[in-house]
Amino acid sequence: MSPLHAIHVAGGASFTDFAGWQMPVSYGSDLAEHHAVRTAAGLFDLSHMGEIFVVGPEAAQALDYALAGKLSAIAVGQAKYSLLLTVDGGIVDDLVVYRTGDDRFLVVANASNRVDVARELIERSADFACEVYDESDDIALIAIQGPRAHEILSQAPTVEIPGLDDLKYYWCRPGTFGDRGEHELLVARTGYTGEDGFELYLSPDAAAQLWEALMETGAGSGLVAAGLASRDTLRLEAGMPLYGHELGTTTFPVQAGLGRVVALKKEGDFVGRQAIEAGPPADARVLVGLASEGKRAGRADYLLFAGTESGTDTEAPNPIGVITSGALSPTLGHPIAMAYVEKAHSEPGSPIFIDVRGKRIPAHVVSLPFYKRESR
């Protein structure tokens, strides 16, 4: 259970079981929470995420072997999005890795994959001079996301983050919280909403106090508590893949548009290299964005059929793809979806029909992301 559970209950949250955690879905209106993040700020409890440390003189080399990216190339204080691959080239999990010291890395895993990621890192680092520690139960994670996130965080009482104004995207730095600065923070300018924002790692014992301080500070700036429902529509609009939907052990990174994440030019071997170099089957489907009109949105597992400018292609009645995530976009006002389709139907503008409970709804392929924030 999250260290913030009592606060969520008091705030009127509805809950769902997520990877064994009772996590807030929304606090009354996921639509209002979504709009708040786009226009002001939202506060998310992400304490269910996994935090695994790799520490030691050969920690960087171990991660170069264990993961698809070149983690030895990032500087202290820098973060990198990476992938943990199977030997066959599939995706065990997508991760964010922070280099918090010369020989110290924090690997943040999806909640549902925490145990698998920790086990794989332990096994893959066995021949390197380093240790792997799963400290997920000893770390809480709060995210503040939105165009006013920086303003709110910088004004929060007893929060001290030296150099916050200069913190770049996908970098992190230490801070403190509390009347006497007694609680350590790791502050990262990362997120999963398509907006500017920060993720705050700290002791579970201090999480409730920090949450309440941020909510009080942001009350006049439009800050709201936000749950998993709005987080999902936000990341969908931003074209960010979700493990178990767009990513999985049968998916090659290149199929999901993540080929750039794999550092094939790095020296030495890494788990999955041979399979990645061989590539997926020639007929492998690829991830695309879909847009349609009206209000009826395609959902995960809805089948897709080839279309023509005048209607369904009756010459090709077999499905050419499947939706992995879909919703009526709160920001754009029309249905959007991410889907895997055959390459022949993957070019932007390609007409496709969504089977919505037996009715064919016209859609077309669009480039990802659906939404991109304006520079501020």
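Description of the structure in this document. Keep in mind the model is a prediction, meaning the values are calculated, not measured. (Residues numbered from 1 in each chain as written. Predicted model: local features only at pLDDT ≥ 70, side-chain atom pairs only at ≥ 80, totals over all residues. Heavy atoms only, no water.)

1. A word on the environment of A208
- Within the secondary structure, A208 sits in helix 6 (residues 204–218).
- Relative accessible area serves as the criterion here: at 25%, A208 is assigned to the partly exposed category.
- Remark: the alpha-carbon pair of A208 and I142, spanning 66 residues in sequence, is separated by 9.8 Å.
- Every residue in contact with A208, bar those within four places of it in the chain, is listed here: L4 and I7. (Helix = DSSP H or I, 4+ residues; strand = E, 2+ residues; numbered from the N terminus. Buried < 20%, exposed > 50% of the residue type's maximum accessible area, 1.4 Å probe, protein only. Contact = heavy atoms within 4.5 Å.)

2. Focus: the packing of aromatic side chains
- Summed over the entire model, instances satisfying the criterion amount to 3 aromatic pairs.
- Ring geometry for Y65 against F128: centres 6.1 Å apart, planes inclined by 35°, an arrangement best described as tilted. Of this pair, Y65 sits in helix 3 (residues 59–66) while F128 is found in the loop between helix 4 (114–124) and strand 8 (131–134), placing the two residues 63 residues apart along the sequence.
- One Lys or Arg, R360, reaches over the ring of F305 and ends 3.7 Å from the middle of that ring. (Phe/Tyr/Trp six-rings, centres within 6.5 Å; stacked < 30°, edge-to-face > 60°. Lys NZ or Arg CZ within 6 Å of the ring centre and 35° of its normal.)

3. Observations regarding the pattern of salt bridges
- Counted by the stated rule, this structure contains 15 salt bridges.
- Here E120 and R124 are joined by a salt bridge, their closest N and O atoms 3.0 Å apart. One end of the pair is E120 and the other is R124, both in helix 4 and 4 residues apart, which spans about a single turn. We note that E120, like R124, is buried.
- The partner of R180 in a salt bridge is E182, with the nearest N and O atoms 3.7 Å apart.
- If you follow the salt bridges from partner to partner, you end up with D116, R119, E120 and R124 in one network. (Salt bridge = Lys/Arg side-chain N within 4 Å of Asp/Glu carboxyl O.)

4. Here's the deal with the sheet that holds strand 7 (residues 104–109)
- The strand order across the open sheet formed by 5 strands is 5-6-7-4-8, and the pairing between neighbours is antiparallel. In the strand order of this sheet, the two ends are held by strand 5 (79–85) and strand 8, each with one partner. Averaged over all pairs of adjacent strands, the angle between their axes in this sheet comes to 30°, without regard to strand direction.
- Direction of pairing for strand 5 relative to strand 6 (residues 91–101): antiparallel, over a ladder of 7 bridges. Each residue of the ladder has a partner; that of S82, found in strand 6, is L95.
- The strands that helix 3 touches are strand 4 (50–55), strand 5, strand 6 and strand 7; relative to strand 7, the one it contacts most, it runs at about 35°.
- Across the sheet, helix 4 touches strand 4, strand 5, strand 6, strand 7 and strand 8, and the angle it forms with strand 4 is around 10°. (Pairing = 2+ DSSP bridges. Axes fitted to C-alpha atoms, helices over the stretch in contact; angles between N-to-C directions.)

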